[in-house]
Amino acid sequence: MKKSSWLDRHRSQIKEAKFSLFLVRRNLLILVGFITIGVMLGLAVFAPYITHYDPTDMQFSQRLQAPSASHILGTDDNGMDIFSRIIFGIRLDLIIAIAIVGVVAVFGTILGVFSGYHGGKLDELYMRTADIFMAFPYLLLAMAIAAVLGPSIFHSIIAISITWWPVYARLARGATLSVRERDFVEASRALGARDSYIIFRHILPNVIAPIMVQATLDMGNVILEAAALSFIGLGAQAPQPELGLMISIGRNFMRDYWWVATFPGLTILIMVLGFNLMGDGLRDLLDPKLRRSLV
Amino acid sequence: MTAPLLEVKHLKTYFYTYEGTVRALEDVSFHINRGEIFGLVGETGCGKSVTARSAMRLIEAPGKIVGGEILFKGRDLLSLSEDELQKIRGNQISMVFQDPMASLNPLMKIGNQVAEVLKIHKKVESGEKLRKRVVEILRMVRLPSPERIVENYPFELSGGMRQRVMIAMMVSTNPELLIADEPTTALDVSIQAQILSIIKSMKEKMDVSVWIITHDLGVIAETCDRLCVMYAGAVVECGNVHELFQNPLHPYTQGLLKAIPKAHEKAERLDTIPGSVPNLISPPSGCRFHPRCARAGRECSERGAEKVKITDTHFVSCRRYTEGNREQ
Amino acid sequence: MNHHFPLLRLRNVKKYFPIKGGVFGKTINFVKSVDGVSLDIDRGRTLALVGESGCGKTTLGRTILRLTNPTAGDIYFDAPPQAMEEMDRLNQGVRDGYAREEDVKRLRELDDRYNLSSVTGKEQMRLRRRMQIVFQDPLSSLDPRMTIKQILSEPFRIHQRASREELETTVIGLLESVGLKQEHLYRYPHEFSGGQLQRICILRAIALNPDFLVLDEPTSALDVSVQAQILNLLKDLQKEHELTYLFITHDLSVVRFISTKAAVMYLGKIVETAPTEELFNNALHPCARLLLDAVPVADPGLRREKQLMEGDVPTPVDPPSGCRFRTRCRFAEDICSTSEPLLEEAGTDHLVACHLYGRIRESAHQTPLPRPGL
């Protein structure tokens, strides 16, 4: 009997990965989603190397120039190159989205799993609290925070996070309730496993799938909310390259200098669409029953 | 000798999946006579459900019926259009599935569901006549207080009662053939006995032929007149119920019968069939049972099984069959 | 030490599930799943627990393992006769009111050691190693996201019984003992057949060398030929490791093969218990007789008109008064609705809970299962 090699140990996982790849290739929309996000990520990571313009560099002599060879997407009313601002805007918005979704998903999931697993009065308490937070309009909260602490990206992140975590708590709790009843959890208990062991080794890995799908879809939603807050002035402040802010600025020039608002708008559209397609695709890929029927 | 009601000839059904082509049915042939209860028995994966669904043309992608004929009263079902099939499905051939809860609409009252079947096939006009017919049918399957049950929803009934409602719905149109796919598998033994008794009485009262699909040889022994045994997508033996149980010839049939624990005698050990069911993407060459067969020879793997007629009713697909009476 | 005493002794075990209702969620009624069960299971033997769905057999199995806590009653595990006598004496003292303080203390000590209903903490962990369970559906009993190696390592990991290096070797040894291979270590449950999965579940249950195994319909979801393999395996394992089984099933033909003693349950109560052969040859309770009669026999030569049980299985929420089976019993008389029959001896080791069994026996036209050759 020889020791198992790396290949032996991962053969099943490699098979599953290959199958996933096959499914993605077959489904055009999922593929488009993945590619779009991939491109966005690439742009975000390599932003400084793609453009030689500084996104906050104001050149008043160049203001409101139409798209041309030197400024691919034109310039805005401060003379800043729109293309660079968009690239850096993608980077900024992605960072904001990852920050929010990351924190909110982790926090909400852990709370939801504990709540769902233990049930009882504590569960009731957590869920009603979540309901309250969720019912709160994020706009009002953002305004309140901005009024007290001043408007900034960081404060808008706080406002959005506070109202967003209940989504994950709810989702995780629901998934936990169904996993909790499954035989293999009983079997673990029969073996003598403690609750914490069961939660981390059995419950969490089995509820991760819908959380991941939700997180992917939420990336798009969060970008929309963050952009909206910046649009009304509660988030990013000039001259930060934030897509919503750029639309807000460009709004005043829509008639004669349409490119200032349109390109940032299109970018947001593409990003959100990309995340939605990717999220839907992930849902299909991760659902075991759906996987088999997609063949 | 009257022509059979249903004749399946050389049926081939394949499933084209990512991992390869699953040859679910490879040259399946058998027939069902009028006025008999016919059993198709086999273990998981042998293709018995696929056969029934192929007969009803209910196979969907990635599956496809790639060959053969299914003659119902002389007409080949595989050549009919979808419109013509609609007239036959539910009307002349009805199918009862394993899980009645999944087949009943949870949001519709029982009475309405049964009535719907009658209305679709234009058997009875709506109104008082329809209502009376629905109650009559429910009474026929021995449901208690049918006048009250018509007002119930499926979740208010027990599993056994739901299965009876299914049967009622399926025989309401006076079909000539009733296909029952694992009708008693999810039910308690006592309820099973009731359902089988109802099926038998259906045959008497309504002159309907019944095709039962199951893995339970006990159910077959109790209810069927004739049966066929399937293994890995092929029919291995056919015969009337007495000759097959008393004189099974195919090694698989013999193995199966020996593996059943007998309720009426005590045993120390159960005989098992070595090996396991083959993968139908790359099935064994020739006779699909040969890797597990103690009597297999070169011709079995090279030339496959040969269909041999033992009596007018008893057929076996094997080159090396032998007499093998069950030990008493 | 003399080990010929029952491994498990159940005394009047009850499990009620509260039904909440009303605006404030008060408890309005109970589902009396297990309503006073007393049983003895001998060491190294198999007791079959038979009954229809809803009779409480699964709940009883889970209660014994403390997967759910009993509402009342005692479950004594591996208690030698002297300890049992002492506990009975002390319990009687408590009931009659003359127990002294040190008696109560002593009783608690004994309970903590032998009474599964009351153990907690470390003792419970220790006892968990000695009793395990195998479920009906092997696929849902295994975490779909874990490899076989992780699944089989779990018992060792939880009880810290093996080092990491030893784990792989130990697990491979386990796999090979039931005909599986090293290459199966890193595969996932969905890649296996039902029979293979059930073997893995059984391996997981015996990994830490338990004394007692609850088998809850372990072969009901399997094909006939696979069932035969698993049943043979269970018998072999029992001999090899001196295991004691509680075999829960609704399939009476399996009962005859696997068990030495059988108990029939109906709506939370035991209605008959006897050595298996005796039950098959001479079942006395109408429920047992009807169950035996209803079993489909794989022999068309033995077809017969069956006595069918009337009606459907009732729910254990509001069981019928007196004898619970009377609503489905052909022989029911007045006394059956006014007074609940208790288990009484009708033969060696043969207990029945029926007021009329003697008369039924005389008037029966045939024994439950027909003999071949008639």
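## A word on the overall build of chain B
Now for step 1: When helices and strands are tallied, chain B shows 12 helices and 12 strands.
Now for step 2: The globule rule puts the C-alpha radius of gyration for 328 residues at 20 Å, and the 21 Å found for chain B is close to it.
Now for step 3: Taken over 328 residues, chain B has a buried fraction of 47%.
Now for step 4: Here the analysis covers contacts within chain B between residues at least 6 apart in sequence; of these, 65% occur between residues at least 24 apart.

## Side note on the overall build of chain A
Now for step 1: Within chain A one finds 12 helices and 0 strands.
Now for step 2: The order of α-helices and β-strands along chain A, N terminus first, is α-α-α-α-α-α-α-α-α-α-α-α.
Now for step 3: The dimensions of chain A, computed from C-alpha atoms along their principal axes, are 75 × 50 × 35 Å.
Now for step 4: Look at the contacts in chain A between residues 6 or more apart in sequence, and 69% of them connect residues 24 or more apart.

## Describing the environment of Ala 209 of chain A
Now for step 1: Note that Ala 209 of chain A resides in helix H9 (residues 195-231).
Now for step 2: With 74 residues separating them along the chain, Ala 209 of chain A and Arg 283 of chain A place their C-alpha atoms 7.9 Å apart.

## So, the interface of chain C and chain A
Now for step 1: With 26 residues of chain C at the contact, the number on the chain A side is 21 residues.
Now for step 2: Of all the secondary-structure elements, those providing two or more residues to the side of chain C that touches chain A are helix H4 (121-130), strand E5 (131-134) and helix H5 (148-159) of chain C.
Now for step 3: Top contributing element to the side of chain C that touches chain A by residue count: H5 of chain C, with 4 residues.
Now for step 4: Residue composition of the side of chain C that touches chain A, by class: 12 nonpolar, 5 polar and 9 charged.

## Side note on the interface of chain B and chain C
Where interface size is given, it is often the accessible area lost as the parts come together that is meant.
Now for step 1: Counting from both sides, the interface comprises 40 residues of chain B and, opposite them, 36 residues of chain C.
Now for step 2: Those elements that provide at least two residues to the side of chain B that touches chain C are helix H7 (159-171), helix H8 (189-206), helix H9 (217-223), helix H10 (241-246) and helix H11 (251-259) of chain B.
Now for step 3: Take the side of chain B that touches chain C: its biggest share by element is 6 residues, from H8 of chain B.
Now for step 4: Taken together, the residues that form the side of chain B that touches chain C break down as 17 nonpolar, 15 polar and 8 charged.

## Examining the packing of H9 of chain A against helix H11 (residues 259-286) of chain A
Axes are the key here: two packed helices are described by the angle between their axes and the distance separating the axes.
Residues and elements named next belong to chain A.
Now for step 1: Running from N to C, H9 and H11 point in directions that differ by 170°, and their axes come no closer than 8 Å. The angle between H9 and H11 places the two elements in the roughly antiparallel class. Side by side, H9 and H11 meet where Ala 209, Met 212, Val 213, Thr 216, Leu 217, Met 219, Gly 220, Ile 223, Leu 224 and Ala 227 of the first sit next to Ile 268, Met 271, Val 272, Phe 275, Asn 276, Met 278, Gly 279, Leu 282, Arg 283 and Leu 286 of the second.
Now for step 2: Taken together, the residues of the contact of H9 with H11 sort by class into 15 nonpolar, 4 polar and 1 charged.

## Looking at the environment of Arg 173 of chain A
All names here are of chain A.
Now for step 1: By secondary structure assignment, the location of Arg 173 is in helix H7 (residues 153-180).
Now for step 2: The class for Arg 173 is buried, based on 24 C-beta atoms found within 10 Å.
Now for step 3: Along the primary structure Arg 173 and Val 207 are separated by 34 residues, whereas in three dimensions their C-alpha atoms are 9.0 Å apart.
Now for step 4: Ignoring anything within four residues of it in the chain, the contact list for Arg 173 reads Gly 112, Ser 115, Gly 116 and Met 127.

## What to know about the pairing of strand E7 (residues 177-181) of chain B
All names here are of chain B.
Now for step 1: When you tally the buried positions in E7, you get 4 out of 5 residues, the bulk of the element.
Now for step 2: Two strands pair when backbone bridges link them, and strand E6 (residues 93-96) and E7 are joined in this way by 4 bridges, in the parallel orientation. Each residue of the ladder has a partner; that of Met 95, found in E7, is Ile 179.
Now for step 3: Of the pairings in the sheet, the one linking E7 to strand E8 (residues 209-214) comprises 5 bridges and is parallel in character. Bridging across to E8, Ala 180 finds its partner in Ile 212.

## Quick word on the sheet that holds strand E5 (residues 75-76) of chain B
Residues and elements named next belong to chain B.
Now for step 1: The strand order across the open sheet built from 4 strands is E2-E1-E4-E5, with neighbouring strands paired in antiparallel fashion. The two strands at the open ends of the sheet, each matched to only one other strand, are strand E2 (20-32) and E5.
Now for step 2: Relative to strand E4 (residues 63-72), strand E1 (residues 6-17) runs antiparallel, the two being bridged by 8 bridges. Bridge pairing in E4 links Lys 12 to Gly 67.

## Let's talk about unusual backbone geometry
Now for step 1: Between Ala 238 of chain A and the following residue, Pro 239 of chain A, the backbone shows a cis peptide bond with an omega angle of 0°.
Now for step 2: Backbone geometry at Arg 142 of chain B places phi at a positive 60°, although glycine is not the residue there.
Now for step 3: Here Arg 142 of chain B lies in the loop between helix H5 (128-140) and helix H6 (146-149).
Now for step 4: Not every positive phi belongs to a glycine, and Asp 78 of chain C is a case in point at roughly 55°.
Now for step 5: In this fold, Asp 78 of chain C is placed in the loop between strand E4 (72-77) and helix H2 (81-96).
Now for step 6: Taking the C-beta count within 10 Å as the criterion, Asp 78 of chain C has 21 such neighbours and is therefore assigned buried.

## Brief notes about the nonpolar core
Now for step 1: Counting residues in hydrophobic clusters, the biggest one holds 270 residues, and the most contacted among them are Leu 178 and Trp 211 of chain B together with Leu 49, Val 264 and Leu 291 of chain C.
Now for step 2: No other element matches helix H4 (residues 82-118) of chain A, which puts 16 residues into this core.
Now for step 3: Discounting residues that sit within four places of it in the chain, Leu 291 of chain C has contacts with Val 189 and Ser 190 of chain B together with Val 50, Leu 252 and Val 264 of chain C.

## Side note on helix H4 (residues 110-120) of chain B
Residue pairs three or four apart in sequence face the same way in an α-helix, which turns once every 3.6 residues.
Residues and elements named next belong to chain B.
Now for step 1: Among the residues of H4, those classed as buried are Ile 110, Gly 111, Gln 113, Val 114, Ala 115, Val 117 and Leu 118.
Now for step 2: Close packing links the buried residues of H4 with H5, H6 and H7.
Now for step 3: Taken from the residues just after H4, Lys 122 is the one with a positive phi, measuring 50°.

## Focus on the environment of Gly 51 of chain C
All names here are of chain C.
Now for step 1: Examined against the element boundaries, Gly 51 turns out to sit in the loop between strand E3 (46-50) and helix H1 (57-64).
Now for step 2: Since 28 C-beta atoms lie within 10 Å of it, Gly 51 is described here as buried.
Now for step 3: Note: C-alpha distance between Gly 51 and Val 264 (213 residues apart in sequence) is 5.8 Å.
Now for step 4: Not counting the four nearest positions on each side in its chain, Gly 51 is found in contact with Lys 57, His 250, Val 264, Met 265 and Tyr 266.

## So, the sheet that holds strand E11 (residues 307-309) of chain B
Residue and element names in this part refer to chain B.
Now for step 1: Reading across from one edge, E6-E7-E8-E3-E9-E10-E12-E11 is the order of the 8 strands in this open sheet, with mixed pairing throughout. Both edges of this open sheet fall to E6 and E11, since each of them pairs with a single strand only. Taken pair by pair, the neighbouring strands of this sheet meet at an average axis angle of 20°, ignoring direction.
Now for step 2: On the sheet, H7 packs against E6 and E7 and is oriented at approximately 170° with respect to E6.

## What about helix H2 (residues 28-45) of chain A?
Residue and element names in this part refer to chain A.
Now for step 1: Helix length check: H2 (18 residues) gives 26 Å between terminal C-alpha atoms against 26 Å at 1.5 Å per residue, within 8%.
Now for step 2: Among the residues making up H2, those that are buried are Ile 30, Gly 33, Ile 37 and Met 40. Along the axis of H2, the buried positions cluster into a sector of 95°, meaning they face one direction only. Exposed and facing more than 90 degrees away from the buried side of H2 are Leu 28, Gly 38 and Gly 42.
Now for step 3: Looking at the buried residues of H2, the elements they touch are helix H1 (6-26), H4 and H11.

## Quick notes on the packing of helix H10 (residues 243-251) of chain A against H11 of chain A
Residues and elements named next belong to chain A.
Now for step 1: Packing of H10 against H11 leaves a shortest axis separation of 7 Å and a crossing angle of 150°. Between H10 and H11, the angle is such that the two are roughly antiparallel. Note on packing geometry: the crossing formed by H10 with H11 is left-handed. Of the residues in H11, those touching H10 at Leu 243, Met 246, Ile 247, Ile 249, Gly 250 and Arg 251 are Val 260, Ala 261, Pro 264, Gly 265, Thr 267 and Ile 268.
Now for step 2: Looking at the contact of H10 with H11 residue by residue, the classes come out as 8 nonpolar, 3 polar and 1 charged.

Calculation rules
Residues numbered from 1 in each chain as written. Chains lettered and ligands numbered in written order. Predicted model: local features only at pLDDT ≥ 70, side-chain atom pairs only at ≥ 80, totals over all residues. Helix = DSSP H or I, 4+ residues; strand = E, 2+ residues; numbered from the N terminus. Rg over C-alpha atoms; globule rule 2.2 N^0.38 Å. Buried ≥ 20, exposed ≤ 12 C-beta atoms within 10 Å, placed from the backbone. Contact = placed C-beta atoms within 7 Å. Nonpolar A, V, L, I, M, F, W, Y, C, P; charged D, E, K, R; others polar. Axes fitted to C-alpha atoms, helices over the stretch in contact; angles between N-to-C directions. Parallel < 35°, antiparallel > 145°, perpendicular 65-115°, else oblique. Pairing = 2+ DSSP bridges. Core = buried A, V, L, I, M, F, W, Y, C linked by C-beta atoms within 7 Å. Expected span 1.5 Å × (residues − 1). Arc of directions from axis to C-beta. Left-handed = near helix turned anticlockwise from the far one by under 90°.

Scope: geometric values only; no functional claims are made or implied.
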